[in-house]
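Take a look at the letters that make up each chain.
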Amino acid sequence: MKKIFALALLVLASPFAAQAATLTFPSDKPVASITIPDSWKPEETDGGVQGTSDDSAVYLSVEVASGKSMEKVVTGAIDFLAKNKVTIDPSTQKETPATDVNGMQMATLEWDGKDEDGPVSVGLLIAQVSADNALIVTYWGDKGEEDKHDAEVKAIIASIKPVE
């Protein structure tokens, strides 16, 4: 499997083949924007945005965390995975050093795991948007199927920008 997050951090822009929506979030006090293909059915959540590839092979969500809520958001992301019956193999953890993307420091943790359908790749990307806010990107993709979405995922990650 290609290391989607590691590669995505190196890509600053990539055109989408299909229509895409640029969302600023959260809508009440935007701190960042992201562009997600329309086919992923992007939607705003209470603290961010989420989308799923049209074949349901890849799920991606982005949550805003303040310095005070960072641990809560990370715990919430892991709890969400558990609720969806995704188990992580802690022995497979890989960490990508922080990289600058669109003026933000981004670092990634990745694991191998399983869900009801079989092996999956799981990732948490943390992006420092400002002194007070960070983004937690949760990624979960079916091994063998996720590779066909590499370009889309790279472009989504590369599209994340702080709102001035």
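Computed from a predicted structure; not experimentally measured.

> Can you walk me through helix α3 (residues 150-159) in this structure?
Note that an α-helix has 3.6 residues per turn; residues three or four places apart therefore point the same way. Counting buried positions along α3 yields seven of ten residues, so the element is predominantly enclosed. If you check which residues of α3 are buried, you get Asp150, Val153, Ala155, Ile156, Ile157, Ala158 and Ser159.

> Would you take a moment to explain the sheet that holds strand β11 (residues 161-162) for this structure?
Each strand in a sheet pairs with another by means of backbone hydrogen bonds, the pair being arranged parallel or else antiparallel. Strand order across the open sheet formed by three strands is β1-β2-β11, with antiparallel pairing between neighbours. Of all strands in the sheet, those bounded by a partner on one side alone are β1 (20-25) and β11. Of the strand pairs in this sheet, strand β2 (residues 32-37) and β11 are connected by two bridges, and their pairing is antiparallel. The residue bridging alanine 32 from the neighbouring strand is proline 162, located in β11.

> Sorry if this is basic, but what is going on with the environment of threonine 92 here?
Looking at the secondary structure, you find threonine 92 in the loop between β6 (87-88) and β7 (94-101). Through-space distance from the C-alpha of threonine 92 to that of glycine 113 is 8.6 Å; in sequence the pair is 21 residues apart. In contact with threonine 92, not counting residues within four places along its chain, are Glu110, Trp111 and Asp112. A distance of 2.8 Å separates a polar atom in the side chain of threonine 92 from the backbone nitrogen of aspartate 112.

> Before we go on, may I ask you to explain the side chain of asparagine 133 in this structure?
By secondary structure assignment, the location of asparagine 133 is in strand β10 (residues 133-142). Apart from the residues within four sequence positions on either side, asparagine 133 is in contact with Val31, Val64, Ala65, Ser66 and Gln128.

> Help me understand the pairing of β10, please; the structure alone is not making it clear to me.
With respect to burial, β10 is a largely interior element, ten of its ten residues being buried. Taking every second residue as pointing to the same face, both faces of β10 are buried, with Asn133, Leu135, Val137, Tyr139 and Gly141 on one and Ala134, Ile136, Thr138, Trp140 and Asp142 on the other. Examined bridge by bridge, strand β5 (residues 58-66) and β10 share nine bridges and lie antiparallel to one another. Looking across to β10, one finds that serine 66 is bridged to asparagine 133. With nine bridges connecting them, strand β9 (residues 118-128) and β10 associate as antiparallel partners. When the sheet's bridge partners are listed, valine 120 is paired in β10 with aspartate 142. Following β9, the chain reverses through four residues before pairing antiparallel with β10.

> Help me understand the packing of aromatic side chains, please; the structure alone is not making it clear to me.
One pair of aromatic rings is described through two measures. These are the centre distance and the angle between the planes. With the rule as written, the count across this model stands at three aromatic pairs. Taken together, Tyr59, Phe80 and Trp140 form an aromatic cluster joined through their ring pairs.

The rules we used
Residues numbered from 1 in each chain as written. Predicted model: local features only at pLDDT ≥ 70, side-chain atom pairs only at ≥ 80, totals over all residues. Heavy atoms only, no water. Buried < 20%, exposed > 50% of the residue type's maximum accessible area, 1.4 Å probe, protein only. Helix = DSSP H or I, 4+ residues; strand = E, 2+ residues; numbered from the N terminus. Pairing = 2+ DSSP bridges. Contact = heavy atoms within 4.5 Å. Polar contact = N/O pair within 3.5 Å; in protein donor to acceptor, adjacent residues only side chain to side chain. Phe/Tyr/Trp six-rings, centres within 6.5 Å; stacked < 30°, edge-to-face > 60°.

Geometric descriptors of this kind do not, in isolation, establish any biological role.
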